[in-house]
Every structure is written in C-alpha cells, then in structure tokens.
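Commentary on secondary and tertiary structure
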Amino acid sequence: MEPQWNPTSCPQSPSVVFLLMATSYTWLLPVAAPQRILIDPQAAPEYAHSIRLDGDVILGGLFPVHSRGDRGTPCGELKKEKGIHRLEAMMFAIDLINKDPELLPNITLGARILDTCSRDTYALEQSLTFVQALIERDGSDVRCANGDPPIFTKPDKIVGVIGAAASSVSIMVANILRLFKIPQISYASTAPELSDNTRYDFFSRVVPPDSYQAQAMMDIVTAMGWNYVSTLASEGNYGESGVEAFVQISRETGGVCIAQSLKIPREPRLGEFDKIIRRLLETSNARAVIMFANEDDIRRVLDAAKRNNQTGHFLWVGSDSWGSKISPVIGQERVAEGAITILPKRASVDAFDRYFRSRSLSNNRRNVWFAEFWEENFNCKLGMHGKRPGSLKKCTGLEKVGRDSSYEQEGKVQFVMDAVYAMAHALHRMHRELCYGYPGLCPRMAGSIDGKELLSYIRAVNFNGSAGTPVVFNENGDAPGRYDIFQYQITNRSTAEYRVIGSWTNKLRLKVEAMRWKTGDPSLPPSVCSIPCRAGERKKVVKGVPCCWHCERCEGYHFQASEFTCELCPYEMRPDANRTGCVPIPIIKLEWHSPWAVVPVFISMLGIIATSFVIVTFVRHNDTPIVRASGREMSYVLLTGIFLCYAITFLMIAAPDVGVCSFRRIFLGLGMCFSYAALLTKTNRIHRIFEQGKTSVTAPRFISPASQLAITFSLISVQLLGVFVWFAVDPPHTVVDYGEQRTQDPTSARGVLKCDISDLSLICSLGYSILLMVTCTVYAIKTRGVPETFNEAKPIGFTMYTTCIIWLAFIPIFFGTSQSAERMYIQTTTLTISLSLSASVSLGMLYMPKVYIILFHPEQNVPKRKRSFKAIVTAATMSGKLNQKGDRPNGEVKTELCESMETNSDFIN
C-alpha cells in the first residue's frame, strides 16, 4: 500500500505543499498512442535533464552538475569535478555492485540522477520526481482529445536517495523525503543541524558533521596561538550552522574571541565582496578568517582580497567546502597562499580513475551532461548544437581524459561510492532477512520497500569503504570525524599545491614545522587582539572582549600572582627580576670595609693606642708626683672608661649575634659611666673640699682614695643593675629590620641585620651616663673659682663643656636621620664617633699635659716640701682674696699653690 501524505503533519511552508499538488498533474500524459511519444522528434525526452538507469531497485541521486545561475536563471556553468566526477562515481559504484555476485545477487540496482544546480529551491523542485510513485493519482477528470482515458506513465519508485552535496539542499530535500519515509544518505552535507534526529530522522551521511569539523578548526586555531578571529559564512544551513558550531565551541572552551561574524548573501550585490573585505579590515588584528562558505563564494572572497591589495594579510582557515579544491584558488594563488583547509580523511579510488579516464562520447551516452563536460574539458565545440559559444575548435571525439586534459579525482568521489555501497549493504541485509533463499526480489520487497525498515538496516551497516576505512553510522546517522589538515603552499619553483600538514581524529596532530607562510618567516603569524603581556604584567581585560586587554605592570612590591592579578609580596620578600614571584630581600650589616666603618675604626684605634700609651706611661711612673697628684686610682678608673669608649666601636660594627648584642648592651653605656662617674667623684670632692674650707679647717668626709673608689663604683653599679634588669625583661637577640631600607624601588630594598635595641632602649642605656655627665658639668661650673690646675678642676670643666657640645650635636644627627635609607650607617657612625670624641676630649685635656711633663720635662716632676691641709686651704683662700684685690700677679700665687699642692698630694688624696 502506498503511503498517504497528510499535509497537516508536514512542517513545511505552503509553497512546498503547492509544489507537491501541482507536480501530481504533470505525471498525466494525455496521448493517444504511446508509440508516438517515443518517435516524435519534436517532443522533449522524458529524462532530458536527468539520468535514468534501469534496475530492480532504483536509487535517487542529487548532484550539483551546474553552478547556481545568475539573474533569475536556475543553472549556471557546468561543474566538472563536483558535478560530473561525483555522479559518475555513483554510476561506477552501481556498476560494481551489479557485477558483484556476493552483494545483492540476482538484484540489479538502477538510478535516477538529478541536477540540483547548487540551489536549494531548484533542488526541491527536482526532488519531487522521487516521490511521484508514492502520491495517489486521480485521472478521472482528464481525457484525451479523442475522448479516450489517459495513459499513465508509471514513475520510478525510489527506495533511497544518494545526496545532496550542499547542506542547504539536503535540508530542503530531507524535509520532503521524510514525509514519504525515503532514506537519504549524503556524501558531502556536513551541517550540524542535520544531526537532529527528531527533524531529519531519515537522513544519514558518510561524512562527519560540521560540529566535528568546527572542533577540529578550533583546535587548529588554538594550536596556532590565535585568539582573535573573524568568521565568514555563506548564507544557508551549511555556512551558518558551521559558524554557529564554531562560535558555540569558542564560548564553551574560551580563549578564542570572535571579532566579526559576516555572512555572504545568497544573491550578492555588486561590490558585496569588496565590502566584506573592508569590514574584515576594521578589526585588522583578527587576521585569521574562519570560512564556512561554498566554492563560488570562496573564489570571490579571494578575488576581492586581491583587488584590495590584501595579499598576505589574511590567514584563511577553510572548511571542507574548500578542502583541497583547485577551482577556488585558480588565478589567486598568492592571496590564497598559507590557507589552512580541512577535509574529511579520504583516499583516491584508483579503480575510478581508470574508469573515468576510459569514458568517451561513444561509451558514455547514459550521462546526458557528458557532452557538455566534453566541450568544457577539452575547450572545443561539438557541431552546430554545441553549448559553448564562440569560434572554438571542433571536438573530434577522439580526445582522451587525462591525456588531452588535466585530471585529478574530486575529493568526494570516495564518499559518493561509500554512500551507494551503504545503501546496497542495507538492501542486501534486508533482502537476506526478508527474502531468505529467494532469488531476486521476493514479494515483500518487490511491491514496496518499507523506508523505515530500510533506514534501520542503513544505520546498522558496518563495512570497509572504498578507501579501506570503516563506514558506520551513529544513532543520528552521522559518520565518525576523521579529517586531513591541508595548507596551500607555493614552493620555491613557484608551483602551488595543497600539502598535508596534520590530521584530526578526536585529537589534533599538527606538523607545525611543515607549514609555510608568505613572509618566509618560519614563526607562526599572529592573529591576536592584544599581544601577550610580558612577565610581571597583568592583563586588564577590555569589558565584553575577553581576548583584548591592556597590560599593567605590577608595581612596587607586587608580583604577578596570576594572569589577571598582582599580589603583594610578604614583608620580608621582594619581587624577582621578572616580577613573577618573590625572593627574600638581601640582608646586610655594617661591613668592616665600608667607609662608614673605616673612619670610626681608625679613630678608635688611634684612641686605643693613645690610651694604652698613657696607661703604660702612668704605670711606669706610678710613684712620681705628677701621677700621684692626679689621683692614681681614679685616673686608672677614668682611663679604663676612656678605653671602653674607644673599644665599643668594634662591638657596634661587628656582625650582630646574641653574644655581640649582649656585649653591646653591657659596654655601650659602661665606658661613659666609668668616665663620668670618676669625673663626677673628683669634681664633687674638690667642691666639698673648698666649700668646707670656707667654714672649717677640718677635712671633709669621704675624700680618701678608697672612699673615692667606693663612690665611683657605687655610681657604676647603678648602670650595671639597669643592664641586668634589661637582660631579664628583654633577652638580647638579633632582628632583621626590613623597614629601615624599604625603598620605593624593590631592587634597592635591604633587610638590616641588627641587635634588637630600639631608640628608646638606647636612650635609657646612655641616659644614666648623660645624667652623670650633666651633674659633673654642674660641679665643674661650681668649682670654676678653684685655683688653676688645682687637682684638675679647670681641665675637667673644659672637658665637660666640650663633651656637652659633642652630645648636643649627636642628638639631632642621630634622631634626625631615623627616616633615612642610610639610617644604620649614619647612626652607628655618629654614635661611635661621638663616644670616641668624648673619650678623646677627656684623654687630651686631662692626661696629655701630664704625659708631656713626665716625658719631656722630668725636672718639673719632682717632690716639693709638704704642707698641711690647713696651709693649703689658707693659701687657696688667700689666693681668692688676692685675685679680687689684684695686689699680686695671679701667676705667682698659682704657681706656688700648684707646687705646694703637688708635693702634698698624699695628704690631700
């Protein structure tokens, strides 16, 4: 029973319904005599625009024999490869199957092959031929001129269709064929839309869908390092769905941005392709152009790029519609150079080459377009009725394909044959199960083959195709994705050819070293919106365009934590040279060879030598009057303090550790404490002696050497007690101060290794010594009226005045440089020099004159007669009064008093 068509169940437009209804009347041929149909020379042949091969089972075929016509004409120029090669491949495959005793034995395959003219609407009209036998015919209202009933020409019953090529054509035809349950196997349609098994359930294909192709093209773009590309599609299902699949993958995977998505109209106006090139140049950084376009549009795009002097600018990435075809690039080799194209993995069928080379006008009359191909291929004219205009040479008919013309097998020949064989294998299995043991078609298949049942057999086929690769279908009727990657290259001999540079089978394998570019530069050409940021720079992405960004350097102590962020290094670290990570900040200390250390050390060494010389001199002349008059015990204490003031310089410059830091705490203020405790005791003693002498002739208490030492060491013990408390509260340790030399430029940043002695701790450590110094200065002022050289009162006074000036200068220098990057050097040098200068003042003013007398004037270092304490005090009082009256020169009285005091030093001391 023939299937009935229910228009309400068809999702097509009303125009399609109208075409079906109108076409049903064209099958009624109201003729009186059938013989007249066959012999009337004026009548048009029934199959003038199609090929018909008789057989038990008829397969339909759709091929783009001609290109799309211009200005309203349905068909244009002949397509030699995509048209003639492919339809000949179908007929060749049918011949092989009919000769094969193992495949469909006793069953002959036939064919009805139509020209789609590369236009979907025209193909729809043609494909209605395939459903003629499935539409009920009613001729009751039709009569011949003589009144006889009409003779119905029985149309061929098509069980399956091979084709079409273009996806737009396949979609249009599939919408009709599914209504009549006619299976369809395409050899070239790759639109992802056709994988929708709910809408195109009777459609299958031996080529992979563009979803695989789009993934392969995305992998190519990614492997090339391109992240900013434009897309160009021919209007229609193939181009638009291919680009849509590519864009969808780019969104899902990320990393590739679409600069522009342009569409080529079906009927492009004049200048349309020049406009497309100008649009592409608006985003000139997007040099890579992903093309899902038909062959004619590719050729016109390349031509427009050539006209606009853009040869070498664009990096074309073509889909399988470009593949390895010669026609799009003829005459435009330079502008197409470097193009990367993709094509389903294929192999040349040698048997077809032998078959096609043997075709001639005499042995290929079944092909109604072969004469037109002959004229086109050999550039000649067949008699008066030839289709090529102009005064061309006449064809002899003896020309030979491949000898008198170039020949290269078209890329889809393999897939055409695989599609025919897939249909044959499905019929074979169906026949084996439905007609087991029955030669030829059994009644179950002879009347009407159930298209839905045949579809199930088609989807179950599994055989090795003409190229040796398995032919299988998934649940959506799609073939697995297997692609070859080509690049169009011009060799050194200026010959252009497609070269295989890789393959894709679920994973890209690309031979980058085999690629060639117009510039001759082996490096990959760029197609990026923004150049990659350098190390240490973060990307600031342009809003809405994730592949475009501005590069911002990570400043200061920040490093590049990720592609888009900068983070602050830990406090003790700084960015490395590339700012891609952090490295420890170098740790420094005051080195011995530093100028900041050399000067203090030099002064200290001189001071230590001078102090040692004085001590040795005093020890050697320990019992001489000068030494005894100076107070030997107190002098040695004072000299010890002076020595420590010089020696502390070496502790301040030595590399900090726990031991050094401990000694710094102890000796930093101890030297000054020794010096000023001794000086304070001496000035206090002088002050008490002369204050007591004004009222009494008895000696004050605690002026003996032992008492003086006890008082001095009592004062020193206070300093030591404070240091021990400091040790208990805050044990000494080293720290690395990263803030002291934390400059704005991280490369100059340094960590300073130092003892954990804060400025406050330093003030506290020196504060007690400074208090002693100030007190000593007060007593020096009070004893300024004492006779000159009396027990060093006046030299002590000058010493204290000078020392106060030194330390008043020290304070602003030390604390005023607390924010300087050279703080450690300045403060250490200032402190050590101040200590050395204080010691030098004391040494120079108190001891150098005595050493001078001891060494160079020993005649003055002799004992005088002894006088009592009462005589000394009386003489001092009288000296004061005489100084006020001016009766005697001060020098004479002072000399006498000095001599008297020096000779009675044992008593005084």
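These remarks concern the structure in this document. All figures in this text were calculated on a predicted structure; none of them were measured in a lab.

Thoughts on the overall build of the chain
Of regular secondary structure, the chain possesses 28 helices and 29 strands. Taken over 909 residues, the chain has a buried fraction of 51%. For the chain, contacts bridging at least 24 residues in sequence account for 69% of all contacts bridging at least 6. As presented, the chain carries roughly 42,300 Å² of accessible surface, and 56% of it is formed by carbon and sulfur atoms.

A closer look at a nonpolar patch on the surface
On the surface, a nonpolar cluster with roughly 430 Å² of combined accessible area is contributed by Phe613, Tyr852, Leu855 and Phe856. Here the nonpolar patch takes three residues from helix H25 (residues 848–856), the largest share from any one element. Mapped onto the elements of the fold, Tyr852 is located in helix H25.

Describing the sheet that holds strand S2 (residues 50–53)
Spatially, six strands are ordered S2-S6-S3-S8-S9-S10 in an open sheet, and the strand pairing comes out mixed. Lying at the two open borders of the sheet, with one neighbouring strand each, are S2 and strand S10 (203–205). On average, each strand axis in the sheet is inclined to that of its neighbour by 20°, with strand direction left out of account. Relative to strand S8 (residues 158–162), strand S3 (residues 57–63) runs parallel, the two sharing four bridges. If you follow Leu59 over to S8, its bridge partner there is Gly160. Most of the contacts of helix H13 (residues 413–434) go to S8, to which it runs at about 155°, and overall it touches S3, strand S6 (109–115), S8 and strand S9 (184–186).

Thoughts on the side chain of Gln487
Turning to its location among the elements, Gln487 is positioned in strand S18 (residues 483–490). Overall, Gln487 belongs to the buried group, its relative accessible area being 0%. Among the polar contacts made by the side chain of Gln487, one reaches the main-chain amide nitrogen of Arg516 at a distance of 2.9 Å. Those residues in contact with Gln487, other than ones at most four positions away along the chain, are Gly338, Ala339, Ile340, Glu497, Tyr498, Arg499, Ile501, Ala514, Met515, Arg516 and Trp517.

Overview of the nonpolar core
Counting residues in hydrophobic clusters, the biggest one holds 68 residues, and the most contacted among them are Leu87, Met90, Leu109, Ile185, Phe352 and Leu427. For this core, the element with the highest residue contribution is H13, accounting for 14 residues. Filtering out sequence-adjacent residues up to four positions away, Leu427 remains in contact with Val57, Leu59, Leu104, Leu109, Met445, Ile449 and Leu454. Ranked by size, the runner-up nonpolar core spans 47 residues in total, among them Cys645, Met672, Tyr779 and Leu831.

Considering the pairing of S3
Judged by how many residues are buried, S3 sits mostly within the fold: seven of seven residues are covered. Of the two faces of S3, the one holding Val57, Leu59, Gly61 and Phe63 and the one holding Ile58, Gly60 and Leu62 are both buried throughout. In this sheet, S6 lies alongside S3 in parallel orientation, the contact comprising seven bridges. For Ile58, the partnering residue across the bridge sits in S6 and is Gly110.

Overview of the packing of helix H21 (residues 705–729) against helix H22 (residues 759–782)
With their axes 10 Å apart at the nearest point, H21 and H22 run at an angle of 170° to one another. Classified by the angle between their axes, H21 and H22 sit roughly antiparallel to one another. From H21, Leu715, Val718, Gln719 and Trp726 reach across to H22, where they touch Ser761, Ser765, Tyr768, Ser769 and Leu772. Classifying every residue of the contact of H21 with H22 gives five nonpolar, four polar and no charged.

Describing H21
If you check H21, its first and last C-alpha atoms are 36 Å apart, about what 25 residues at 1.5 Å a residue would give, namely 36 Å. Restricting attention to buried positions, one finds in H21 the residues Ser707, Gln708, Thr712, Ile716, Gln719, Val723 and Trp726.

So, the sheet that holds strand S28 (residues 734–741)
Sheet architecture is open: three strands sit in the order S27-S29-S28, paired in mixed fashion. Single-partner strands in this sheet number two, and they are strand S27 (587–588) and S28. Note: S27 against strand S29 (residues 750–755), two bridges, orientation parallel. Within the sheet, the bridge partner assigned to Ile588 lies in S29 and is Val752.

Regarding empty space enclosed by the protein
Taken as a whole, this structure holds three cavities of 30 Å³ or more when the rule is applied. Estimates place the volume of the largest cavity at around 130 Å³. Broken down by secondary-structure element, the contributors of at least two residues to the lining of the largest cavity are H13 and strand S17 (470–471). With three residues, the single largest contributor to the lining of the largest cavity is H13. Class assignment for the residues of the lining of the largest cavity results in nine nonpolar, two polar and three charged.

Details of the state of the cysteines
Enumeration according to the criterion identifies nine disulfides in this entry. The side chain of Cys257 participates in a disulfide bridge whose partner is Cys547; the two sulfur atoms lie 2.1 Å from each other. For the disulfide bridge between Cys257 and Cys547, the dihedral angle about the S-S bond is near 85°, and by the sign convention the bridge is right-handed. Highlighted residues: Cys257 in strand S12 (residues 257–264) and Cys547 in strand S22 (residues 545–553), separated in sequence by 290 residues. Comparing Cys257 with Cys547 shows no difference in burial state: the two are buried. As a non-bridged cysteine, Cys804 has Cys776 as the owner of its nearest cysteine sulfur, 8.8 Å distant.

As for the packing of aromatic side chains
On inspection of all chains with the given rule, the structure shows 22 aromatic pairs. With a centroid separation of 5.8 Å and an interplanar angle of 50°, the aromatic rings of Phe370 and Trp374 are classed as tilted. Note that Phe370 and Trp374 are positioned in helix H12 (residues 370–378) at a spacing of four residues, about one turn of the helix. For the pair formed by Phe370 and Trp374, the shared burial category is buried.

The rules we used
- Residues numbered from 1 in each chain as written.
- Predicted model: local features only at pLDDT ≥ 70, side-chain atom pairs only at ≥ 80, totals over all residues.
- Heavy atoms only, no water.
- Helix = DSSP H or I, 4+ residues; strand = E, 2+ residues; numbered from the N terminus.
- Buried < 20%, exposed > 50% of the residue type's maximum accessible area, 1.4 Å probe, protein only.
- Contact = heavy atoms within 4.5 Å.
- Areas by Shrake-Rupley, 256 points an atom, 1.4 Å probe, with all protein chains shown as cover.
- Patch = residues over 30% accessible without salt bridge, like charges linked within 9 Å, V, L, I, M, F, W, Y side chains within 5 Å.
- Salt bridge = Lys/Arg side-chain N within 4 Å of Asp/Glu carboxyl O.
- Pairing = 2+ DSSP bridges.
- Axes fitted to C-alpha atoms, helices over the stretch in contact; angles between N-to-C directions.
- Polar contact = N/O pair within 3.5 Å; in protein donor to acceptor, adjacent residues only side chain to side chain.
- Core = buried A, V, L, I, M, F, W, Y, C linked by side-chain atoms within 4.5 Å.
- Parallel < 35°, antiparallel > 145°, perpendicular 65-115°, else oblique.
- Nonpolar A, V, L, I, M, F, W, Y, C, P; charged D, E, K, R; others polar.
- Expected span 1.5 Å × (residues − 1).
- 1 Å grid on protein atoms, 1.4 Å probe; cavity = no way out; pocket = protein on both sides within 12 Å on 5 of 7 lines; lining within 4 Å.
- Points joined across faces, edges and corners; volume = space filled by probe spheres on them.
- Disulfide = S-S within 2.5 Å.
- Phe/Tyr/Trp six-rings, centres within 6.5 Å; stacked < 30°, edge-to-face > 60°.

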